[in-house]
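Breakdown of the fold
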Amino acid sequence: MGFPKIFRKLYFLRRFSSARIPTQFGEFTAYSYRNNFKNEGNIALVLGDIEVVDIPLVRVHSECLTGDLLGSLRCDCGSQLQASLEMIGEEGAGIFIYLRGHEGRGIGLGKKLRAYTLQDQGFDTVDANLKQGLPVDSRDYYFAAKILQDLGVSEIRLLTNNPKKRSGLESSGIDVVSRVPLEISPTEENLRYLETKKTRLGHILNN
C-alpha cells in the first residue's frame with residue numbers, strides 16, 4: 001500500500017548497512033534502509049562517485065519477484081532491471097533503488113498471482129486488480145525520494161516510462177530534470193501487458 005501522507009511528518013529512515021557488490025555491470029556499493037513503519041529493507045545500489053556527477057542517472061525499480069528473480073515473461077520487469085543496471089554501468093556512475101512492498105503495483109505477491117489467473121481468463125492487468133476489489137496502483141515513491149536525499153542527491157535523470165513515478169518523486173522533493181526512456185522490446189507473452197500500460201496507465205511507450 002502507499003505510504004499515508006498523514007504519517008509522513010512522523011517518518012523515520014535509517015541507513016542500516018552497506019557492502020561492496022561486484023556485478024557484470026560494474027562494482028556497486030549497496031546500502032540497505034529500514035524505516036519505522038515497515039521493515040522491508042529497501043536497497044540502493046550506487047555506482048561510482050555520485051558527488052562529482054552533476055545529475056546522476058537513477059532507476060527506481062518496483063519489486064517483482066516473478067519477473068526479477070524467476071524470469072517471468074508476463075511482464076517487462078526483469079528485462080528493465082537488467083537494462084537499467086547496464087545503462088548505469090555504461091555511464092560509470094548512477095543509482096539503482098529497489099523498492100520492496102511494490103509487488104503487483106502494491107497488491108502483494110499472492111494477489112498478483114490471482115490477478116495472473118484472471119488475466120488468463122481475459123482480464124487485463126488493470127481489470128484483474130479491480131475484479132479483486134483492489135486498487136489499480138497503490139505504489140508510493142516517498143521512501144525512494146528520502147533514500148536519494150540521504151545519498152545527497154536532489155536532482156536526477158530518471159529511467160522510467162511511467163509519468164506517475166516521476167510526479168511521485170517530484171512531489172516528495174526530488175527534481176527530475178529529465179526522463180530517460182526504458183523500453184523493452186515486446187514479446188508474445190507481454191504484448192497485452194505493455195499495451196495496457198500504455199493505454200490505461202499512461203506509460204510512455206513507442207513500441
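Whatever comes next refers back to the structure up there.
Note that the coordinates shown come from a computational prediction; the quantities given were computed from them, not determined experimentally. (Residues numbered from 1 in each chain as written. Predicted model: local features only at pLDDT ≥ 70, side-chain atom pairs only at ≥ 80, totals over all residues. Heavy atoms only, no water.)

Topic: the packing of aromatic side chains
- Considering all chains together, one arrives at two aromatic pairs under this definition.
- Arranged with centres 6.5 Å apart and planes meeting at 25 degrees, the rings of Phe-96 and Tyr-98 form a pair that is stacked.
- Arranged with centres 6.4 Å apart and planes meeting at 50 degrees, the rings of Tyr-142 and Phe-143 form a pair that is tilted. Assigned by exposure class, Tyr-142 and Phe-143 land together as buried.
- For the cation-ring pair, Arg-74 lies above Tyr-116, with the distance from its terminal atom to the ring centre recorded as 4.3 Å. (Phe/Tyr/Trp six-rings, centres within 6.5 Å; stacked < 30°, edge-to-face > 60°. Buried < 20%, exposed > 50% of the residue type's maximum accessible area, 1.4 Å probe, protein only. Lys NZ or Arg CZ within 6 Å of the ring centre and 35° of its normal.)

Things to note about the side chain of Asn-162
- By secondary structure assignment, the location of Asn-162 is in the loop between β6 (155-159) and α7 (163-170).
- Look past the residues within four positions of Asn-162 in its chain and what remains in contact with it is Arg-139, Tyr-141 and His-203. (Helix = DSSP H or I, 4+ residues; strand = E, 2+ residues; numbered from the N terminus. Contact = heavy atoms within 4.5 Å.)

Considering helix α6 (residues 142-150)
- What α6 keeps buried is the set Tyr-142, Phe-143, Ala-144, Ala-145, Ile-147 and Leu-148.
- Directly after α6, the chain includes Gly-152, whose backbone phi takes a positive value near 85 degrees.

Details of the sheet that holds strand β4 (residues 57-62)
- Strand order in this open sheet of seven strands is β1-β2-β3-β5-β4-β6-β7, and the pairing throughout is mixed. Each of the sheet's edge strands pairs with one partner strand only, and the pair in question is β1 (13-23) and β7 (175-180). Going from strand to strand, the sheet's axes swing by 25 degrees on average, the running direction of each strand aside.
- By the bridge criterion, six bridges tie strand β2 (residues 26-35) to strand β3 (residues 42-47) in an arrangement that is antiparallel. Counterpart to Tyr-31 in the pairing with β3 is Ala-44.
- Across the sheet, helix α2 (residues 77-91) is in contact with β2, β3, β4, β5 (94-99), β6 and β7; its angle to β4 comes to roughly 160 degrees. (Pairing = 2+ DSSP bridges. Axes fitted to C-alpha atoms, helices over the stretch in contact; angles between N-to-C directions.)

Quick look at the pairing of β6
- Pairing of β4 with β6 involves two bridges; the strand directions are parallel. Residue Val-58 lies in a different strand from β6, and its bridge partner there is Leu-158.
- As judged from the five bridges shared by β6 and β7, these two strands associate in the parallel manner. For Leu-159, the partnering residue across the bridge sits in β7 and is Val-180.

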